Amino acid sequence: MRNRVNRVVNGEKEPSPLNENNELNDEDKFVSRTPRKLFADLHRHAIKLGLKPEEFQQLTSVNEIQKSINRVNFCRLFITIACIVFVAIIFIFVTEWPVSNTHVIVWWFQWYKSNPLKEPCVVYVPESVTENIKPPLNCDFCRNLHHVDHINNISIKDFESRYAYSGIPIVISDGTKNWTASEFFSYNFMKEVFSPGSEALDKVEKDCQFFPYKTDFSSLGKVFEMSEERAFMKGEAKPWYIGWSNCDNSAANILRQHYTRPYFLPEFSESSKTDWIFMGSPGYGAHLHIDHVDLPSWQAQITGRKGGFTASTGLLFSMSATARIVLDTNKWYHSTLNIGENISITIGSEYD
């Protein structure tokens, strides 16, 4: 009996246990039962065979069955606890008892030693998901819109009444007049402002946002570590394009020496204190996307040339240095492509 049970548990090949009526023999019926029932049957057979308790405990089959029972019990206990915790969390968030959702979120950030005011999201949601669940947008403003206006010397009044909050895009060709950014901004200039080990770079990498697009860069610091050949597209170097938000005051003070508040913005409009910088080589740009922001924005082409495309109406636009586009990127799906031969640098911000 001991050898018979051990062979069954160890998976060794056994002669057919069926009798001439295609039924299990009495001794083999326990093989197809649950571990608990199998243990009971095994114990009954052992008593019939006259095994002593200590001999019964030494059976390999007994040890295997006990382990199997323990595993089942552990899984049941784990699933039960997980279900209770899940139901408790749902109950707390729905009823806000015994604590409010605000306190729960605060404790969450304290546990991970993070500042909720500096986190873009509590839980990361893939861009493909957010775009698919975005509510429908009334597109009346874009009906019969077949081209993007290019205008010079627009007045504050005209800009406010026609473009500022209408969602209609516009390229303002003299948008950077009186700026010195095009004379100073370059890859090397940005590399010096956000130099390795600097407070500005450390601040950006910890608290700001970085968009590698389809490059292999994991951070802004890695961008400024690339070879000179790739940075300036020498030979067969691979094109690149990245973007980041500057939330460091020291870097902002340096950059804003060379550009000011757009001259055409409404009198009581305020620009965001966080500016965006987009930089890259010819032949690359941003894929078709929509920004998840609440305000319209402007972008100024500082160096190089950039072409753009907006979906839905298929509008095309292009910008060279000194030009600026105003576009509600929360409404328009758009893509960009750096063209020409020079590095493209673009500065942008939101306004209310």
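Since the structure is predicted, the reported quantities are computational estimates derived from the model, not experimental observations.

Rules of the game
- Residues numbered from 1 in each chain as written.
- Predicted model: local features only at pLDDT ≥ 70, side-chain atom pairs only at ≥ 80, totals over all residues.
- Heavy atoms only, no water.
- Helix = DSSP H or I, 4+ residues; strand = E, 2+ residues; numbered from the N terminus.
- Buried < 20%, exposed > 50% of the residue type's maximum accessible area, 1.4 Å probe, protein only.
- Contact = heavy atoms within 4.5 Å.
- Areas by Shrake-Rupley, 256 points an atom, 1.4 Å probe, with all protein chains shown as cover.
- Salt bridge = Lys/Arg side-chain N within 4 Å of Asp/Glu carboxyl O.
- Disulfide = S-S within 2.5 Å.
- Phe/Tyr/Trp six-rings, centres within 6.5 Å; stacked < 30°, edge-to-face > 60°.
- UniProt positions renumbered as here; feature names shortened; annotations may be inferred.
- Core = buried A, V, L, I, M, F, W, Y, C linked by side-chain atoms within 4.5 Å.
- pLDDT = per-residue confidence, 0-100.
- Pairing = 2+ DSSP bridges.

**Some details on the overall build of the protein**
The number of helices and strands found in the protein is 13 helices and 11 strands. Classification of the 352 residues of the protein by burial places 37% in the buried group. Excluding contacts between residues fewer than 6 apart, the proportion of contacts in the protein whose partners are at least 24 apart in sequence is 71%. When the accessible surface of the protein is summed, it comes to about 21400 Å², and 55% of that surface belongs to carbon and sulfur atoms.

**Description of the pattern of salt bridges**
Counted under the stated rule, the structure contains 7 salt bridges. Arg256 is the partner of Asp275 in a salt bridge, and the nearest nitrogen-oxygen pair spans 3.0 Å. Taken together, the positions of Asp275 in strand β5 (residues 275-280) and Arg256 in the loop between α13 (249-255) and β5 put the pair 19 residues apart, joining distant regions of the chain.

**Things to note about the state of the cysteines**
All chains considered together, the criterion is met by 1 disulfide. Each disulfide pairs two cysteine sulfurs, and for Cys208 the partner residue is Cys247, the sulfurs being separated by 1.8 Å. Its S-S torsion of approximately -105° makes the covalent link between Cys208 and Cys247 left-handed. Of this pair, Cys208 sits in the loop between α10 (199-207) and β3 (210-211) while Cys247 sits in the loop between β4 (241-246) and α13, and the two are 39 residues apart along the sequence.

**Here's the deal with the packing of aromatic side chains**
Applying the stated criterion to the full structure yields 18 aromatic pairs. Among the aromatic residues, those joined into a cluster by ring pairs are Tyr187, Phe194, Phe224, Phe232, Trp240 and Trp244.

**Regarding the UniProt feature "transmembrane region" (unreviewed entry) in the protein**
In this numbering, the UniProt entry assigns the feature "transmembrane region" (unreviewed entry) to residues 74-94. Between the first and last C-alpha atoms of residues 74-94 the distance is 30 Å; the span itself is 100% helix and 0% strand.

**So, the nonpolar core**
Within the largest apolar cluster, 43 residues are counted, with the highest numbers of intra-cluster contacts made by Phe159, Phe185, Met190, Phe194, Trp244 and Met279. Among the elements that line this core, the one with the most residues is helix α9 (residues 187-193), at 4 residues. Residues contacting Phe194, with those up to four places away along its chain left out, are Ala200, Leu201, Val204, Leu220, Phe224, Trp244, Asn246, Ala251, Leu255 and Ile277. By size, the runner-up hydrophobic cluster in this structure holds 11 residues, among which are Met319, Ala323, Ile325 and Leu327.

**A look at the confidence of the model for the protein**
Of the residues in the protein, 82% reach a pLDDT of 70 or more, and the chain-wide mean stands at 81. Taken element by element, the protein is modelled with least confidence in helix α1 (residues 2-9), mean pLDDT 48, and with most confidence in α9, mean pLDDT 96.

**With respect to the sheet that holds strand β6 (residues 297-303)**
The sheet built from 8 strands is open, its strands ordered β1-β2-β9-β6-β11-β5-β4-β3 with mixed pairing. Each edge of the open sheet carries a strand with a single partner, namely β1 (149-151) and β3. Pairing of β1 with strand β2 (residues 170-172) involves 3 bridges; the strand directions are parallel. Bridging from a neighbouring strand, Asp149 pairs with Ile170 of β2.

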